[in-house]
Amino acid sequence: AAVREKLARFEERLTRLEIHVRDENGAKGGADDKACTIEARPRGGRAIGVTEHAAKVDDAARKAATTLAQRLNRHFGKQAGMIMIRDLTRFFDDVL
């Protein structure tokens, strides 16, 4: 549920979201041995993936979702900036 909440605002902009969890040490145990990898594919873009580790699967998933949300914010923010620059270029081409 925490992963869905953190990434819900990107739902319309993504074509795919994959979540993989694993126990890296198996029965041996250990600190931060649970890993969560989340990969998101923005529409028309390349996949963005993150992996986070924690002692519990839920914690690793929460950390990965937070990191991915930050990366998607940057990705879509840069995309919006590029669109704005293109629009300004067109505007100045029309005016000049």
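Structure first, text after, so check above.
Residues numbered from 1 in each chain as written. Predicted model: local features only at pLDDT ≥ 70, side-chain atom pairs only at ≥ 80, totals over all residues. Heavy atoms only, no water.

Notes on the environment of K34
Counted only if it meets this: Secondary structure follows DSSP: runs of H or I at least 4 residues long count as helices, runs of E at least 2 residues long count as strands, and numbering of each begins at the N terminus. Buried residues are those whose accessible area, probed at 1.4 Å on protein chains only, stays under 20% of the maximum for their type, while exposed residues exceed 50% and partly exposed ones sit between those limits. In this description, contact between two residues means that some pair of their heavy atoms is separated by no more than 4.5 Å. The definition of a polar contact used here is a pair of N or O atoms within 3.5 Å, where within protein one atom must be able to donate a hydrogen and the other to accept one, and adjacent residues in sequence count solely through side-chain atom pairs.
By secondary structure assignment, the location of K34 is in strand β2 (residues 34–42). The buried category is assigned to K34, whose relative accessible area is 18%. Taking the C-alpha atoms as reference points, K34 and A55, 21 residues apart in sequence, are found 5.8 Å from one another. Not counting the four nearest positions on each side in its chain, K34 is found in contact with R22, D23, E52, H53, A54, A55, K56, V57 and A60. A polar contact of 3.0 Å, which involves the side chain of K34, links it to the side chain of D33.

Description of the sheet that holds strand β1 (residues 14–23)
For the record, the criterion: What makes two strands pair is DSSP finding at least two bridges between them. Between N-to-C directions, angles cover 0 to 180 degrees, with each direction set by a line fitted to C-alpha atoms, over the stretch in contact for helices.
Across the sheet, which stays open at both edges, the three strands sit in the order β1-β2-β3 with antiparallel pairing between neighbours. Two strands bound the open sheet, and with one partner strand each, they are β1 and β3 (48–54). Averaged over all pairs of adjacent strands, the angle between their axes in this sheet comes to 15 degrees, without regard to strand direction. Sheet analysis places β2 next to β3, joined by seven bridges and oriented antiparallel. Across the sheet, the residue bridging to E39 is G49, located in β3.

Structural notes on the environment of H20
Counting through the fold element by element, H20 comes out in strand β1. Separated by 18 residues in sequence, H20 and I38 have C-alpha atoms that sit 6.4 Å apart. With residues up to four places along the chain from it excluded, the contact list for H20 reads A35, C36 and T37. Among the polar contacts made by the side chain of H20, one reaches the side chain of E18 at a distance of 3.1 Å.

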